[in-house]
Structures are given as structure tokens and as C-alpha cells.
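Residue-level listing of the chains:
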Amino acid sequence: MDNWLKAALDYIPRWLEYQMRLTDQPGCAVAVALKGRIVLEQAFGVADISTGRRLTPRHRFRVASHSKSFTSAAVFKLRQAGRLRLDDAAGRYVDGLSPVVAEATLSQLLSHGAGLIRDGEDAGQWQDRRPFLGESELRAALREPPVIDAGTRLKYSNHGFGLVGLIIEAVTGEPYCDWVRREIVGAARLRETEPDGPAARGVKVARGHSRALPLGRRLIVPGDNPTNALAPATGFMSTASDLARFFASLDPAAKTSILTPASRREMIHRQWRDVHAGAESHYGHGIMMGKAGDWEWFGHAGGFQSCHSRTIVVPGRGLAVSILTNAIDGPAWAWSDALIHILQTFAGRGAATAKTRDWAGRWWSLWRTLDFVPMRDHVLVGDPALAVPFTDASEIAVNKRDNGTIRRATGLANFAEQARLVRGGDGRVRQIWFGGTKYLSEKGMAAELKRKYGG
């Protein structure tokens, strides 16, 4: 493992821990894989706010629309075996469909290009107002024509992936969950993943949580309901490490996978651009794609009534990042983007040297908390409260062991001023002076606040 990656993996948990405290999230699990091997796995917070039970990396989460990537992998595995084709029409395998829906191809369904309704005319299952659709209800909905013409734009549809599940059942002669559990989950050697809930007795599951508003406090949202005929779209339960390893195996450069390189390339090939999204965003076959900083990524996200999650792979670099949160407002999307930016920064700047490593640490003032992050011959000064901690970061050139000059900063910051470390009698750093401001440890800042303001 490169030194820059080791340094990044050391910083990532420290940043996430601060974000957890800042946003008052119940729990979060993170995993990073390098070439399919887990190199970081950690959990923060609690699995259940009502009991205070600590969250562990072994707790499973509802990972919702990550399910679509597993379902797509199932289709591509069947295609490799010659049992179906991407241009096969849905009506070839499933009867009773609207004539127009029957013409939709597997490729269109997997890429959300079939024009089908997203969640039906009553999407109450997403509000816990009704159960998820059973097969008869899904088939009844699929007797209705599409909302728009197929092949005209990206139009996300959980019903469309429910239909893909019916096709898989028709081809294999088995229930979707049974076949996928054996041929996809089992074949990929994922030991903490299930195609649908509820979890088996004895399995650790992270309890979900509502937003704090409008009640002013979070409530438990169990999230243990089965998703029935919509399991292919949203049923899966998993851990961050299983997701990181599975999605890493979809990288065309991965050496181990249940799919051929050709299938993996086609899965992540861009089918649609989301022209109405603020950021560059594309969809392939059961796979999301985009760009964070200078790095392109593929993966998927998921939102259940109880959890929010996202997994990103940086193809060609062998890196996969998975973030799972157990609240409906969990910032999994923002945090996974931030982790990619953090990794990029370390990759571009390198790890600390003997000259700079003593500058590492988190330091506090009345106004701000700053992370001093040494990289090669300089120190980057990040703000852990920001969505991307190194946004507009100042940069210290270390001149001597404990002295430096702020050689890069915004116009409103402390450009060309001095920075220095203050050590105690034991040689350990006790304070940092940065552009005329003294920064203390968290404990030291807390003590100063109490002395000055009481409480």
C-alpha cells in the first residue's frame, strides 16, 4: 500500500468522527477496499438511540437501491450463460403486461430507459403507510402503459426493476431471492448480505431513525419490513465491507469477479446522462456514474425509510468506498464524495515526512476547529466542519522543525504570516499558533471556555 493511502486512511476516520458529532447522526459505518481487499473498516455512533447500543462494522443496514446493481449482475450472469439477451423484450418472459411494457427490453429496464412509473400511483410503501407490493400488485401495475415513451430519457423506476426480478424468476425457475442469494451473493463470497429483510434471528441489524424534525427528536424506524416483489429494486441488507468488496469486483480491471470483464464494462457503460442533475451524472445498467474532483466513479446509492447509503468505485485505481448511515437524513452521498476528495488530495500531495509529521492534529479556537494535515514538505490546514475538508485550505511551508510560513491562503485568510508549534516539557506539541491565533487541544479549549463563560 502506498504511503499516501496509509495517510489518507488515517485521516478519514478522524474527519468522519467530527462530522458525526457536528451533524448529530445516530450511526455510520465506512469501509474502503483496495483491489478487493478491505483496508479500512470502522463504525461510529450507535445502532439504536433508544438503547445506546454501539454500532459495529458487523451491523447490517438496509442498502435499498444498491439492490439494482446486484439485480443487474444477475442479468449479466444469465446473459453470459446464454439464457437471455439484453435486447430481449420483457413480454418474452412475463405475460399479462401492457402491450407497450411488454416491448421494453432488458437493457431499457436496467438503464431506466423504459419510461415506466417510478413507484406506482400510491408510493405509500416509502412512507411506511402500506407494505411493499406483492407479485400480484406489481403485475397489476405493469398492466398499465408506461408514463412516457421508452428510449426518450432517464426515468428512474423501481417498478422496472421489479419486472426484471420477474424475468429472472421466469428464466431460472426459482424465486428471485433464492437464485440471487446462491448465484450472486454466495458466488461473490459475501457473508453479510441478504436480498431482502427481515434479517435472520441473531443477525446484528442497525436500527433506522427518522429525521429530528418535525418532532425535535429522532424516532426509531425499524426498517425490518420485507420488500416482496420489489426486492430486486430495493430489498438488500448488507455491510459496508461486503458492498465495498462486491462493487470493487465490478471494476473491469478487477482480477476476481463473478462476471467477465466484458460484462463489467457493459454494466458501467454510460447509457443515459441525467441532464437535469446539477452535477455530472450518468446511468449504466444498474450502475450510477459521475465525477468527484478529477476522479470518475461508478457505484450506487440507496435510501430506505430508515437508512441512507452510497458506494463508489474509482476504476483503474482499485479503490472502493462504502458509507452506510442509519438515519433517513444520513449524508452518505456528501460524505462519500468528501472521502474521494480526501483520497485525491493525499494521492496528489503525498504523505508526511519526518520534517512535517509533528504538525498533525486537530486544534481548536473560539471560532474554528482546524485539522493540520502534513503532506510531504508542507501542512494543509483543513476545516473538518466543511463538506469537503480541504476546500480553500491554507498551506504552511515548514521552514524549521516547529516553524513555518503560510505560503498559500485565500485573500481573507493569513497569507505570508507565521505558524509555529509550542511544545511542553515532555516535547509533545501543546499549542499551535496560526497567523496570530493560538489554537488549543479540544480539552484545553473546553477548559478555557468554562473559565471565561462558565457552565
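Residues numbered from 1 in each chain as written. Predicted model: local features only at pLDDT ≥ 70, side-chain atom pairs only at ≥ 80, totals over all residues. Heavy atoms only, no water.

### Things to note about the sheet that holds strand E20 (residues 429–434)
For the record, the criterion: For two strands to count as paired, DSSP must find a minimum of two bridges between them. Comment: elements are numbered from the N terminus, with helices defined as DSSP H or I runs of at least four residues and strands as E runs of at least two. All axes are obtained by fitting lines to C-alpha atoms, using only the stretch in contact for helices, and the reported angles, taken between N-to-C directions, cover 0 to 180 degrees. Contacts between residues were defined by any pair of non-hydrogen atoms, one from each residue, lying within 4.5 Å.
Spatially, the eight strands line up as an open sheet ordered E14-E15-E16-E17-E18-E19-E20-E21, and their pairing is antiparallel. Of all the strands in the sheet, the pair left with one neighbour each is strand E14 (361–364) and strand E21 (437–439). For this sheet, the mean inter-axis angle between neighbouring strands, taken without regard to orientation, is 30 degrees. Its contacts with the sheet place helix H11 (residues 332–349) against strand E15 (369–375), strand E16 (378–382), strand E17 (394–400) and strand E18 (403–408), and it is angled at close to 35 degrees to E15.

### Overview of the layout of surface pockets
How we decide: The method works on a 1 Å grid over the protein atoms by themselves. A cavity is a set of points holding a 1.4 Å probe that cannot get out, a pocket is an open set with protein on both sides within 12 Å along at least five of seven lines, and residues with an atom within 4 Å of a point line them. Grid points are joined across faces, edges and corners, and a volume is the space filled by probe spheres set on the points. Classification used: nonpolar for Ala, Val, Leu, Ile, Met, Phe, Trp, Tyr, Cys and Pro, charged for Asp, Glu, Lys and Arg, polar for all others including Gly.
As a volume, the largest pocket reaches approximately 480 Å³. Lining the largest pocket are 22 residues; nearest its centre among them are Lys-35, Gly-36, Ser-249, Ala-254 and Thr-256. In terms of residue class, the lining of the largest pocket is built from ten nonpolar, six polar and six charged. Along its surface, the second largest pocket is lined by 21 residues, and Arg-368, Leu-370, Ala-413, Asn-414 and Phe-434 are the ones closest to its centre.

### A few points about the side chain of Arg-362
Note the threshold: Within 3.5 Å is the distance limit for a polar contact, defined as a pair of N or O atoms, with the added protein rule that one can donate a hydrogen and the other accept it, and that residues adjacent in sequence qualify only through two side-chain atoms.
Tracing the backbone through its elements, the reader meets Arg-362 in strand E14. A polar atom in the side chain of Arg-362 sits 2.9 Å from the backbone oxygen of Arg-14. Among the polar contacts made by the side chain of Arg-362, one reaches the side chain of Asp-371 at a distance of 2.7 Å.

### With respect to H11
What counts, and what does not: In this scheme, a helix's expected span is set at 1.5 Å multiplied by one less than its residue total. Only protein chains enter the area calculation, which uses a 1.4 Å probe; residues under 20% of their type maximum are buried, those over 50% are exposed, and those in between are partly exposed.
Helix length check: H11 (18 residues) gives 26 Å between terminal C-alpha atoms against 26 Å at 1.5 Å per residue, within 8%. Along H11, the residues that are buried comprise Ala-332, Trp-335, Ser-336, Ala-338, Leu-339, Ile-340, Ile-342, Leu-343, Gln-344, Thr-345 and Phe-346. Positive phi appears at Gly-350, one or two residues downstream of H11, with a value of about 90 degrees.

### Topic: the pairing of E20
Inspection of the sheet shows strand E19 (residues 418–423) paired to E20 by five bridges, in the antiparallel sense. Bridge pairing in E20 links Ala-419 to Phe-434. Taking the residues that link successive antiparallel strands as the turn, the E19-E20 hairpin has five residues, and the phi of Gly-427 there is positive, at about 90 degrees. Examined bridge by bridge, E20 and E21 share three bridges and lie antiparallel to one another. Residue Trp-433 lies in a different strand from E21, and its bridge partner there is Lys-438. Connecting E20 to the antiparallel partner E21 that follows it, the hairpin turn spans two residues, and Gly-435 within it adopts a positive phi of roughly 60 degrees.

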